[in-house]
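Coordinate inspection notes
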Amino acid sequence: MIPEQAAFMNEENSKHLCAAYPELYGAQFAFACPDSWAPLLHEFSKELLEHIRATGLTVTITDVKEKHKELRICADGTDARADEIIEIAEQSSRHIPAEEYPYLSRLGL
């Protein structure tokens, strides 16, 4: 049996997220997930960043990937609310078909 290869988000969406949320993602952050999750990641990042700024937390996103057809976000320095924001994004990914490939820039995000 051949192991499933990780699908990486296209370069346009990755660059868009990294540029919009540099506090969360470095310039070369690799999103190992389908492009269909790009709008979800945009909303997640926006909400998490608002929480971080309001509380003064120092959160480091270490990994964003697809595992068992669900989004997985690994982060250090979180609190209970940040964990909840992550959990909501992960659960929401279950309802987004992988075959849709939106480009964030074309959605106006």
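Use the structure listed above.
Anyway, here's the lowdown on the structure attached to this text. (Residues numbered from 1 in each chain as written. Predicted model: local features only at pLDDT ≥ 70, side-chain atom pairs only at ≥ 80, totals over all residues. Heavy atoms only, no water.)

1. What to know about the environment of E11
By secondary structure assignment, the location of E11 is in helix α1 (residues 11–20). Residues E11 and A30, spaced 19 residues apart in sequence, show a C-alpha to C-alpha distance of 9.2 Å. Within the local environment of E11, its side chain forms a polar contact with the side chain of K15, the two groups lying 2.9 Å apart. (Helix = DSSP H or I, 4+ residues; strand = E, 2+ residues; numbered from the N terminus. Polar contact = N/O pair within 3.5 Å; in protein donor to acceptor, adjacent residues only side chain to side chain.)

2. Regarding the pairing of strand β2 (residues 60–67)
Relative to β2, strand β1 (residues 31–32) runs parallel, the two being bridged by two bridges. Bridged to F31 within β2 is V64. Here β2 runs beside strand β3 (residues 70–76); their pairing, made up of seven bridges, is antiparallel. Counterpart to E66 in the pairing with β3 is L71. Turn length for the β2-β3 hairpin, with the two strands adjacent in sequence and antiparallel, is two residues, and the turn residue H68 shows positive phi of about 55°. (Pairing = 2+ DSSP bridges.)

So, to be careful, I would describe these as geometric facts and stop short of saying anything about function.
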